[in-house]
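# Structural overview for review
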Amino acid sequence: MYGKTVICLTFVIVFLISCSIYIGTVDLRSYFFPLLKSSPVPSSLCATDRVLRVYMYDLPRKFHVGMMNSRSSDEEGAPVTMENLPPWPSKPGVQRQHSVEYWLMASLLYDGGGGEEREAVRVSDPETADAFFVPFFSSLSFNTHGHKMTDPETEIDRQLQVELLEFLRQSKYYQRSGGRDHVIPMTHPNAFRFLRQQLNASILIVVDFGRYPRNMSSLSKDVVSPYVHVVDSFTNDDPPDPYESRTTLLFFRGNTVRKDEGKIRVKLAKTLAGIDAVHYEKTVATPTNIKISTEGMRSSKFCLHPAGDTPSSCRLFDAIVSHCVPVIVSDRIELPYEDEIDYTEFSIFISMKEALEPGYLVDQLHQVPKDRWVEMWRRLKNISHHYEFQYPPKKEDAVNMLWRQVKHKLHGVQLAIHRNRRLKVPDWWRRRR
């Protein structure tokens, strides 16, 4: 009898173990074949909604904030922190509109004490990072060290680029991905101009692609940033009748002597000359002129944005924060956050050919009904916070929108890294081009 009991118990135990193995609750391989045990797989950024983890390289001050003050030196202190970060100068101008690099760095230094939701946080362990931020103020370097290009001081800009490349090539994290998961701001058209093509695998933060060859920069891997606006934001724009309160139909003040597609500005001056309710004036960017432009945009229904030296310019984002409906005349422009924002909801797009037809542009604006214009004005008020660069950063502001864009690009980065690790032959997709 005991023999039958033992046989029955043995059968039951074997049956239960078999079922457990079948449904996956017991893994005997981990007991008997420990070398075959699967290693834990880290959670993929692409499969979660978690915050982006960014490792920021600790570069000497001469690569970033040291350029903000000519009296500053590397010996003046330890690495830049939230406590000793110098504020960006309050005066407007060309340097401010290209200061995206500063605000991105500042956002990573911020510890989140205000409780604001953030798209990216800085991590101290590079092994846990999703992306790597390179805090080189390449736009400020161009504007500071020999802006005229023929100035002997341009050698300083070139040497900084050489030293940065040497630093990155010695980083095992740069080597590991070939730089693909590294984020590098280059918002000035001439930023990093000496050696930029050696960074073509990285995620570049650009304002457009006007001076970048297609084999270096593209929408598929890079992030389009807004310029930092130079006019003050219109924070109390609540008149009883916003349409009637803006008495100028179309407004433009700026430099009309531009290169490439920007040559259209001179032609538009002739096309729009003498038309009532159109203000088209040639000026240069000075503090006084910026104040005059601020008032002009706030009192206009539409603000003209023709191409500049490159397809985009700061004027578009000045118009947005002034709640002046942008009229974009630039055939090759690319726009920030366009996977999230539909610019046709608050902008008018005119081709360069159409804009030069006598009377066409103004006729199109006259045909916009009042209720449609008010709808676009309200939409501008609702989205203008996405174009604010500030410290501390706030939810859904410009830097948080940019970090979210970086997160979107990392899906393709991981695909490229994983494919590159297993390929045994040159990538046939590149050969087909």
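Heads up: these notes are all about the structure in this document. Every chain's residues receive numbers from 1 upward, in the order its sequence appears when written. pLDDT decides what is reported in this predicted model: residues at 70 or higher carry local features, side-chain atom pairs at 80 or more are listed and counted, and totals for whole chains, interfaces and linings draw on all residues regardless. Excluding hydrogens and water, the side-chain figures rest on all heavy atoms present in the structure.

### Overview of the overall build of the chain
- Counting from the N terminus, the helices are DSSP H or I runs at least four residues long and the strands are E runs at least two residues long. The helix and strand tally for the chain stands at 16 helices and 11 strands.
- Think of it in three bands: with a 1.4 Å probe and only protein chains considered, a residue is buried below 20% of the maximum accessible area for its type, exposed above 50%, and partly exposed in between. By residue count, 49% of the 433 residues in the chain fall in the buried class.
- In what follows, residue pairs with any heavy atoms lying within 4.5 Å of each other are defined as contacts. Long-range contacts, defined here as pairs at least 24 residues apart, represent 68% of the contacts in the chain between residues at least 6 apart.
- Working definition of accessibility: Shrake-Rupley area with a 1.4 Å probe, residue cover restricted to the visible protein chains. Carbon and sulfur atoms form 54% of the exposed surface of the chain, whose accessible area is close to 22,600 Å².

### A word on the state of the cysteines
- Disulfides are defined as cysteine sulfur pairs within 2.5 Å. Taken as a whole and assessed by the stated rule, the structure comprises one disulfide.
- Covalent S-S linkage joins Cys303 and Cys324, the inter-sulfur distance amounting to 2.2 Å. Its torsion about the S-S bond being 105 degrees, the disulfide of Cys303 and Cys324 is classed as right-handed. Separated by 21 residues along the polypeptide, Cys303 in strand β9 (residues 300-306) and Cys324 in the loop between α11 (315-321) and β10 (325-329) bring together distant segments of the chain.
- The class of Cys303 is buried, set by a relative accessible area of 2%.

### Details of the pairing of strand β4 (residues 182-185)
- Where burial is concerned, the two faces of β4 agree: the one with His182 and Ile184 and the one with Val183 and Pro185 are both buried.
- Two strands qualify as a pair provided DSSP detects at least 2 bridges between them. Here strand β3 (residues 131-133) runs beside β4; their pairing, made up of two bridges, is parallel. Residue pairing for β4: Phe133 is matched across the bridge by Val183.
- Bridge count for β4 against strand β5 (residues 203-206) is three bridges, and the pairing is parallel. Across the sheet, Ile184 pairs through a bridge with Leu204, a residue of β5.

### Let's talk about the sheet that holds strand β8 (residues 278-282)
- Read from one edge of the open sheet, five strands run β8-β7-β9-β10-β11, paired in parallel fashion. Edge strands, defined here as strands with exactly one partner in the open sheet, are β8 and β11 (348-349).
- With five bridges joining them, strand β7 (residues 248-254) and β8 adopt parallel strand pairing. Bridging across to β8, Phe251 finds its partner in His279.
- All axes here are fitted lines through C-alpha atoms, helices being fitted over the stretch that makes contact, and every angle between N-to-C directions spans 0 to 180 degrees. Each of β7, β8, β9 and β10 touches helix α9 (residues 264-271); the most contacted strand, β9, lies at about 140 degrees to it.

### Observations regarding unusual backbone geometry
- Cis geometry marks the peptide bond from Tyr391 to Pro392; its omega dihedral reads 0 degrees.
- Secondary-structure assignment places Pro392 in the loop between α14 (370-383) and α15 (398-422).
- The phi torsion at Glu396 lies on the positive side, around 65 degrees, for a residue other than glycine.
- With respect to the helices and strands, Glu396 occurs in the loop between α14 and α15.

By themselves these figures say nothing about function.
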